[in-house]
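Architecture and fold: a report
Here is how the chains run, residue by residue.
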Number of protein chains: 2
Amino acid sequence: MHPRDPIGPTPGEPVAGLDTPHLLVDLDAVDANLRVMFAGGRRYGVDVRVHFKSLKCTGLARYVAAAGADGFACAKLNEAEALADAGLTDVLLANQAVGPLKTRRAARLAARANLIVCADDPDNVRELAGAARGAGSTVGVLVEVDIGMNRCGVPAGPAVVELARLVASLPGLRFRGLQGYDGHLQMLPDAAERRAKSLAGCEQLVAARRLVEAAGLPVEIVTGGGTGTWDVVASVPGVTEIQPGSFVVMDAAYHQVRPEFACALSVRAGVVSRRPGAYVLDAGTKAISRDFGTPAVKARPGDRVVRTNEEHTIVEAAEPGPRPGEAVEVWPAHCCATVNLHRTLVAVRGGRVEAVWPIECSGRYD
Amino acid sequence: MHPRDPIGPTPGEPVAGLDTPHLLVDLDAVDANLRVMFAGGRRYGVDVRVHFKSLKCTGLARYVAAAGADGFACAKLNEAEALADAGLTDVLLANQAVGPLKTRRAARLAARANLIVCADDPDNVRELAGAARGAGSTVGVLVEVDIGMNRCGVPAGPAVVELARLVASLPGLRFRGLQGYDGHLQMLPDAAERRAKSLAGCEQLVAARRLVEAAGLPVEIVTGGGTGTWDVVASVPGVTEIQPGSFVVMDAAYHQVRPEFACALSVRAGVVSRRPGAYVLDAGTKAISRDFGTPAVKARPGDRVVRTNEEHTIVEAAEPGPRPGEAVEVWPAHCCATVNLHRTLVAVRGGRVEAVWPIECSGRYD
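Each value, and the rule that gives it
- Residues numbered from 1 in each chain as written.
- Chains lettered and ligands numbered in written order.
- Predicted model: local features only at pLDDT ≥ 70, side-chain atom pairs only at ≥ 80, totals over all residues.
- Heavy atoms only, no water.
- Helix = DSSP H or I, 4+ residues; strand = E, 2+ residues; numbered from the N terminus.
- Rg over C-alpha atoms; globule rule 2.2 N^0.38 Å.
- Contact = heavy atoms within 4.5 Å.
- Areas by Shrake-Rupley, 256 points an atom, 1.4 Å probe, with all protein chains shown as cover.
- Lys, Arg positive; Asp, Glu negative; His and termini not counted.
- Charge placed at Lys NZ, Arg CZ, Asp CG, Glu CD.
- Buried area = accessible area lost by both parts, 1.4 Å probe.
- Salt bridge = Lys/Arg side-chain N within 4 Å of Asp/Glu carboxyl O.
- Polar contact = N/O pair within 3.5 Å; in protein donor to acceptor, adjacent residues only side chain to side chain.
- Pairing = 2+ DSSP bridges.
- Least-squares fit on C-alpha atoms with pLDDT ≥ 70 in both.
- Buried < 20%, exposed > 50% of the residue type's maximum accessible area, 1.4 Å probe, protein only.
- Right-handed = clockwise from strand over helix to strand, strands pointing away.
- Expected span 1.5 Å × (residues − 1).
- Axes fitted to C-alpha atoms, helices over the stretch in contact; angles between N-to-C directions.
- Parallel < 35°, antiparallel > 145°, perpendicular 65-115°, else oblique.
- Left-handed = near helix turned anticlockwise from the far one by under 90°.
- Nonpolar A, V, L, I, M, F, W, Y, C, P; charged D, E, K, R; others polar.

**Describing the overall build of chain A**
Secondary structure assignment for chain A yields 10 helices and 19 strands. Expected size for 366 residues packed as a compact globule is a radius of gyration near 21 Å; at 22 Å, chain A falls within 12% of this value. Its C-alpha atoms give chain A principal-axis dimensions of roughly 70 × 45 × 35 Å. Put simply, 70% of the contacts in chain A that link residues at least 6 apart link residues at least 24 apart. Within the structure as shown, chain A displays about 12,100 Å² of accessible surface, and the carbon and sulfur contribution to it stands at 53%. Considering chain A, the positive charge centre built from 40 side chains and the negative charge centre built from 41 side chains are found 2 Å apart.

**What about the interface of chain A and chain B?**
How large an interface is tends to be reported as the accessible area lost when its parts come together. In this complex, chain A contributes 68 residues to the contact, which on the side of chain B involves 68 residues. Summing both partners gives a buried area of about 5,700 Å² for chain A against chain B, and 47% of it is carried by carbon and sulfur. There are eight salt bridges connecting chain A and chain B. The interface formed by chain A and chain B contains 42 residue pairs in polar contact (both at pLDDT 80 or more). For the side of chain A that touches chain B, the secondary-structure elements that each account for two or more residues are α3 (77–85), β5 (90–96), α4 (99–110) and β12 (265–275) of chain A. Broken down by element, the side of chain A that touches chain B gets its largest block of residues, five residues, from α4(A).

**Focus: the pairing of strand β17 (residues 327–331) of chain A**
Residue and element names in this part refer to chain A. Both β12 and β17 contribute to a ladder of four bridges, which runs antiparallel. Each residue of the ladder has a partner; that of Ala269, found in β17, is Val328. With two bridges connecting them, strand β14 (residues 296–297) and β17 associate as antiparallel partners. What sits directly across from Val297, in β17, is Val330.

**Things to note about the relation of the copies chain A and chain B**
In the superposition of chain A on chain B (RMSD 0.0 Å, axial shift 0.0 Å), the rotation amounts to 180°. Both chain copies can therefore be described as sitting about a two-fold axis. A share of 100% of the interface residues of chain A reappears at the interface of chain B, consistent with the copies meeting face to face through the same patch.

**Side note on the pairing of strand β9 (residues 173–180) of chain A**
Along a regular strand, successive side chains alternate from one face of the sheet to the other. Residues and elements named next belong to chain A. Among the eight residues in β9, seven count as buried, and that is most of the element. Relative to β9, strand β7 (residues 139–146) is paired through six bridges, and the arrangement is parallel. Among the inter-strand pairings, Val143 is bridged to a residue of β9, identified as Leu178. Taken together, the four bridges between β9 and strand β10 (residues 221–224) define a ladder with parallel strand orientation. Of the residues in β10, the one forming a bridge with Gln179 is Thr223. Taken together, β9, helix α7 (residues 191–214) and β10 constitute a β-α-β crossover, and its handedness is right-handed.

**Overview of the side chain of Thr223(A)**
Residue and element names in this part refer to chain A. Along the chain, Thr223 falls in strand β10. Judged by its relative accessible area of 1%, Thr223 is buried. Not counting residues up to four positions away in its chain, the partners in contact with Thr223 are Leu92, Leu142, Leu178, Gln179, Gly180, Leu205, Glu241 and Gln243.

**Details of the side chain of Lys102(A)**
Tracing the sequence through the fold places Lys102(A) in helix α4. Among the polar contacts made by the side chain of Lys102(A), one reaches the side chain of Asp19(B) at a distance of 2.5 Å. Side-chain polar atoms of Lys102(A) contact the backbone oxygen of Thr20(B), separated by 2.4 Å. Apart from residues no more than four positions distant in its own chain, Lys102(A) is found in contact with Leu77(A), Ala97(A), Asp366(A), Asp19(B), Thr20(B) and Asp282(B).

**Regarding the environment of Trp331(B)**
Residue and element names in this part refer to chain B. Looking at the element boundaries, Trp331 is found in strand β17 (residues 327–331). For Trp331, a relative accessible area of 24% translates into the label partly exposed. In this view, Trp331 contacts Ala252, Cys263, Leu265, Ser266, Pro295, Ala296 and Lys298; residues no more than four positions away in its chain are not counted.

**Points about helix α3 (residues 77–85) of chain B**
Here α3(B) lies mainly inside the structure; eight of its nine residues are buried. Directly beyond the C-terminal end of α3(B), a positive phi value near 85° is found at Gly87(B).

**Brief notes about helix α6 (residues 158–169) of chain A**
All names here are of chain A. Spanning 12 residues, α6 covers 17 Å between terminal C-alpha atoms, matching the ideal 16 Å at 1.5 Å per step. Turning to α6, its buried residues are Val160, Val161, Leu163, Ala164, Leu166 and Val167. Tucked inside the fold, the buried residues of α6 contact β6 (114–119), α5 (122–135), β7, β8 (154–155), β9 and α7.

**A look at the packing of α3(A) against α4(A)**
All names here are of chain A. Viewed as axis vectors pointing N to C, α3 and α4 meet at an angle of 20°, and their least axial separation amounts to 11 Å. Classified by the angle their axes make, α3 and α4 are roughly parallel. Two packed elements cross with a definite hand, and for α3 against α4 that hand is left-handed. Only Lys102, Arg105, Ala106 and Leu109 of α4 make contact with α3, whose side of the interface consists of Leu77, Asn78, Ala80, Glu81 and Ala84. For the contact of α3 with α4, the per-class residue count stands at five nonpolar, one polar and three charged.

**Things to note about unusual backbone geometry**
With omega at -5°, the peptide bond leading from Glu319(A) into Pro320(A) counts as cis. With respect to the helices and strands, Pro320(A) occurs in the loop between β16 (313–316) and β17. In this model, Met250(B) sits at a positive phi of 60°, which is unusual for a non-glycine residue. Mapped onto the elements of the fold, Met250(B) is located in the loop between β11 (241–242) and α9 (252–257).

**What about the packing of helix α6 (residues 158–169) of chain B against helix α7 (residues 191–214) of chain B?**
All names here are of chain B. Two elements in contact, α6 and α7, have axes whose closest approach is 9 Å; the angle formed by their N-to-C orientations is 50°. The orientation of α6 relative to α7 falls into the category oblique. Our pair here, α6 against α7, has a crossing hand that is right-handed. For the pair α6 and α7, the contacting residues are Pro158, Val160, Val161 and Ala164 in the first and Ala208, Leu211 and Val212 in the second. Classifying every residue of the contact of α6 with α7 gives seven nonpolar, no polar and no charged.

**Notes on the pattern of salt bridges**
Note on pairing: side chains with opposite charge can pair once their charged atoms come close. Within this structure, the stated rule accounts for 54 salt bridges over all chains. A salt bridge links Glu81(A) to Arg105(A); its shortest N-O distance comes to 2.9 Å. Of this pair, Glu81(A) sits in helix α3 while Arg105(A) sits in helix α4, and the two are 24 residues apart along the sequence. Notably, a salt bridge pairs Arg364(B) with Asp366(B), separated by 2.9 Å at the nearest N-O pair.

In C-alpha cells:
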C-alpha cells in the first residue's frame, strides 16, 4: 500500500470491511482464465507469452508464471526491468528501444535477463548493437512486421529480410525471429470478420518468415496476437507463440467478444450520496478508465451506470438502492487502462483478501 | 522518481537530455497563471482556494501556496492527508466523507489540520459528529447545495437550513457555510451561456445563504466555481471564495475556453518509429489522458495527432519530421486526468530541470 494509507487491506481480512475505493482481482476467476488460455496454447502447440502491460504488477505476474506462462511480453523497458527484478527473466519488449538511453538500458538488462526487443529501423539496430557491445551483453531481436496496424514495423517483404540480415551480422545482437501484432483487430465485434482479417495478417507474417528462412536465417520465434485474436493466431502454421494479456483479469468490453474469459477485475466503490432512483459512487474516471466505455455494475443486474465524472460514478437503480456507506463493485470496460490508474491490487478469494500487491509499473512509461 | 528508475531527472539537467516520456510543468507559465488568478481574487474580494485534485503533487502545492493561495480544496481524503503531511493545513474536502472508516479518518485529520468537509445527508452528519467526538477534534462542515449539477448536494431551499441546523447542533462539528459547484458548466464553449448558467446557479447558492442566515446561523464561507467559471462566480455578492485548480497547469481543452491561462503541462515523448509524413511517439493514452480529446503538439504548429493508442501516439508531420531518438512535447487535453497518470512531475524553467516532484496522490482514490 501507499505508505500514507492509514488503513490498508491485510491478508485474511473480509472484503466487506475494506475502505473504498480499491482495485480488486478475483483469483478464482483468474485461475479459470489461465486454465482456458494455457490449455489452448498446448492444443495449438504454441507458447503463451503473457503481456505484462495488462498487469503492471509483479505479484500477479508471479502468480501467472506459477500457473504455467511461457514467459512475458511487455510494452515498456521499466516493465521489463520490474519483471527481471521479480525473477521473471524471459522477457520480450514488444516495442522498440530507441535512442542512447533506452538502448543502454536494454543492453544492461540483457546482462541479467533473456531480453528480446523489437526493431524496425537500421539506425536503431546499429545503436542497439553498439550498446550491447558496450555492456558486454547480447540482446535478442525480433524484426517487427507491419501486418496492417500501420503503426510500427517494416512492410512484409524484402525490407524484413534486409533488417534481419543486418541484425544477424552485428556482434552484440542475436536475431530471434519476427513479431506481427494485429492490435487494430482485437475488439472487432464480428467474430468472423475478426478471424478473417487476423488470418490475412498472419499470412503476411508467415510469408515474411519464409522469405527470411530462404535467405538462410533461422527463425526461432514468430509471435503476435492478443486476447481478441489469440486462438486464430495460435492456429496458424508457422506461428510459434501468442502474446495475450487482458485475458488474465479481463474487462466488460473484452468479455463481450471473448466470453470464454471471466471478468476478474473490479473496482469496489462506496456510496457517498443518493437520491430517489440513483446513487453516487466514490470512484470515477480517474479510478475506472472509460476509454473503452462505461463500467458495468457487478452482481446488481438492475443497476445501470448513467454518468461518470472524474471522482464520481452515478448509477440508476430500483429502490431500495444501496445506502451511503455501503459498497458495490463495478467491472471496468478496459482492464489495461484501469490497472494503470492504481498503485495497489487487492487479490481476493471467497470474499477475503488473499494478497495485497503493489502495481509497480502504473504511472510509469519509460 | 520511482526507486527503480535508473536515469531519473536531476535539478540543473537540461530537458533535452531527459529520458522519455516524462510529465513536465513549465514554472514560468505557472507563475503567469497564478498571477492572473490571484489578482482576480483580490479584484473581486474573494479567497482563491486552489483545488489540489488538479495537482496531486505537494511539491507543486507548496509552490502555489508560496505564491499566495488562500488554502486548498481536494477531492479525496488521501489528498487532504497528503496536504497536511506537507504542512498545508487549510484544507476543504469538497466532497462527502461517508462511512465509519472515512469519518474516522476525517476526524483524525481534523486534530492536526483546519479541515472542512461537505455534507448532504443527516445520517452522515451524525456519524461524522460521533467520529469527531471520538477523536477529540472539531470538523468544519459545509452543507453542499445542488445548484444544477444533479450529483451530490441537497436542493436549494428548506433542506439546506434543516441540515445546517443539524450540523450546528452537534458537538464535534462546526457549521462553516455552503458549497455549490457548477462542474457541469466548466467546459461550455459559449462564454455567454456559461456565464448565464453559472450566475443562475450562484443565485440559488446565495439564496440558500440568505435562508440559513435568516434562521440565525452565521455563514462564513460560500464556495464554488472552477477554472471555467472562476470570474463569474467570484463576481457574485455573497460568494466568499472560488476553488479553481486546472488554471495552475492548464491543458489544451481548457485553454480554448480560458485563453488567459497558459498551457504549462506537457508530456515530453520520444520518437520510436517513423514513416513518410508521420512519426510514432513512445507515450499513448496511458500517459496522456484523451478523455477530453487528443493532445496538441507543442512548438510544431504543422504537426497533428491523428491517432492515440495505449502506448503510442501517431503524429502526421510535414517532412522532414523528427527522427527516431528525438523528442517532442505534447499538451494534454485534460490536465487533471493526465497528472493522475504519472508518479513524477518534472518542474522546468528555461529548458532546465528546476525540481523533481513526486505526484504522491496519483493512483489513489480513498
